[in-house]
Structures are given as C-alpha cells and as structure tokens.
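Summary of the model geometry
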Amino acid sequence: MTTIDTARLVAMFAVIATAMSADRDRLCALDGVIGDADHGIAMELGFSAARDAVAALDAGATDPTTLLNTAAKSFLNAVGASSGPLYATALMRAAAAVKGKTALDDADVIALFQAMAKGIQDRGKAEPGEKTMIDAWVPAAQAAGDVLASGKDLAGSLEAAVQAAKAGAEATKAMVATKGRASRLGERSLGHMDPGAASAVTVIEAMRVALTD
C-alpha cells in the first residue's frame, strides 16, 4: 500500500511540469495541424504555474485538498484558453475527492484520478469518440479503477491507465473532430492525433512516475 503525502503531491506537479516542457514542441506541432499550434505552450504554462504555486505552500501544514485547489486556481490564472478551465475543473474535482484526508492510500489516489477525468468530461461536455482529451482520460480512469478493484496496487493501476490513455490517444487519429476548433476541419481532421489526448498521456504518465517510481 502506497501512502502519498502533500510533499509527494508537490513533487508530482514538478514532474508533470517538466514532462510538459519536454513535450511542448510536439504538442504544438500536433495542434498546428488541427488547431492554433499553441496547445503545448498552454499546457506548459498551466503546469508550470501549478508547480510554482504548490511549491510555495508549507507542505507540512497543507492538506492534499488545499494543495489541489491551489494548483487549480493557478492553472486557470495562467491559461485562459480551453485547456485552462478543463484542467482547473479536473484539479478541483480531485481536491473534493480527497477532502478530509491528510495522506492518500492507493484507493484515494485512484479516486482523485477518476475525479479528474470526470471533471474534464463534465466541463468539456464531451463524449468518447469526439476526438478530444476525453478519448484518453475516460479509458484511463476506467482502467485504473478496474485494475485496482482486481487487487493490483497503485503502480499496476496507474500503468494500466497509461496504456489505456495511449491506446485512446492513438484511436483519435481515426476520428473526425466534432468539438472545439478542430471540428471546423471536418474530414480533414482524420489521420491526426488529437493534441489534447496526446497531452493527457503526458500528464498521466508523469503522474504514474511521480506517485509510484
């Protein structure tokens, strides 16, 4: 059984921010085909802001809910574009899912993870198959819950989430976008991975690394 404290969550945001900086150019290139070519920049800005905001907290005196709400607010302040409200909602839902906890066990982390996916889906009003980040987040959340319920630990659950997210992102290449800016392209969006789904894989993989390695 893993125990994740506030300091470990602070470290998680640092790992996500580093991963997003490394992936920025690829994400912008993906977005350049079907969007405004700025998705990587937005995600780097958002997670860098979240990293800095939570690093400034006193981890010993801050509970996970406060930390996640702080991250949500800073992400939204840094990114006004579509991904800002989506990830801010994800982080606020995560905060609510672990309310009252001072440290998180395996089930708490998966509840947090599933709350993030649900928050993105509720805020974006998207369904799987519409070529959005939901195509990575929803199967990842489902896989994480299923594997934890089967008796596996947090590492196994988050590894399953990563694999499901990768498969989901890959599947967006065969979809026609019906949501967001990419929907204007119609059939021309075929053959291209959705940048939001691609960045979701980066976030989920970074969470796995930070919370289980």
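Our structure's up above, just so we're on the same page.
My aim in this report is to walk through the structure given alongside it, one point at a time. Since this is a predicted model, take the numbers as computed values, not measurements.

Observations concerning the environment of A61
Assignment of secondary structure puts A61 in the loop between helix 2 (39-55) and helix 3 (64-78). Distance from A61 to G84, taken between C-alpha atoms, is 27 Å for residues 23 residues apart in sequence.

Remarks on the side chain of S199
Mapped onto the fold, S199 is located in helix 8 (residues 195-212). A distance of 3.0 Å separates a polar atom in the side chain of S199 from the backbone oxygen of G196. Ignoring any residue separated from it by four or fewer positions in sequence, one finds S199 in contact with M20, L27, H39 and M43.

Brief notes about the pattern of salt bridges
Per the stated rule, a full pass over the model turns up 11 salt bridges. Notably, a salt bridge pairs R24 with D25, separated by 3.2 Å at the nearest N-O pair. Looking at D25, the relative accessible area reads 54%, which means it is exposed. R51 is paired through a salt bridge with D52; the nearest N and O atoms lie 3.0 Å apart. Assessed through its relative accessible area of 27%, R51 is described here as partly exposed. Connected through shared salt-bridge partners, E159, E205, R208 and D213 make up one network.

Examining the packing of aromatic side chains
The geometry of an aromatic ring pair comes down to the distance between the two centres and the angle between the two planes. Scanning the model with the defined rule gives five aromatic pairs in all. Each member of the aromatic cluster is reached from another via a ring pair, and the members are F47, F75, Y87, F113 and W137.

Criteria and cut-off values
Along each chain, numbering runs from 1 in the same order as the chain's sequence is written. Local features in a predicted model are, by the rule used here, given only for residues with pLDDT of at least 70; side-chain atom pairs are given and counted only at 80 or more, and totals for whole chains, interfaces and linings are based on all residues. Remark: hydrogens and water are excluded; side-chain values derive from all non-hydrogen atoms of the structure. Numbered from the N terminus, helices here are DSSP runs of H or I no shorter than four residues, and strands are runs of E no shorter than two. In protein, a polar contact means a hydrogen-donor-capable atom and an acceptor-capable atom, both N or O and within 3.5 Å, with residues adjacent in sequence counting only if both atoms are side-chain atoms; elsewhere, any N or O pair within 3.5 Å suffices. Here, residues are in contact when the closest pair of their heavy atoms is within 4.5 Å. Whenever a carboxyl oxygen of Asp or Glu lies within 4 Å of a side-chain nitrogen of Lys or Arg, that contact is scored as a salt bridge. Summary of the burial criterion: residues with accessible area below 20% of their type's maximum are buried, those above 50% are exposed, and those between are partly exposed, where the area comes from a 1.4 Å probe applied to protein chains only. A pair of Phe, Tyr and Trp rings is counted when the ring centres sit within 6.5 Å of each other, with Trp represented by its six-membered ring. The angle between the planes then sorts it: under 30 degrees is stacked, over 60 is edge-to-face, the rest tilted.

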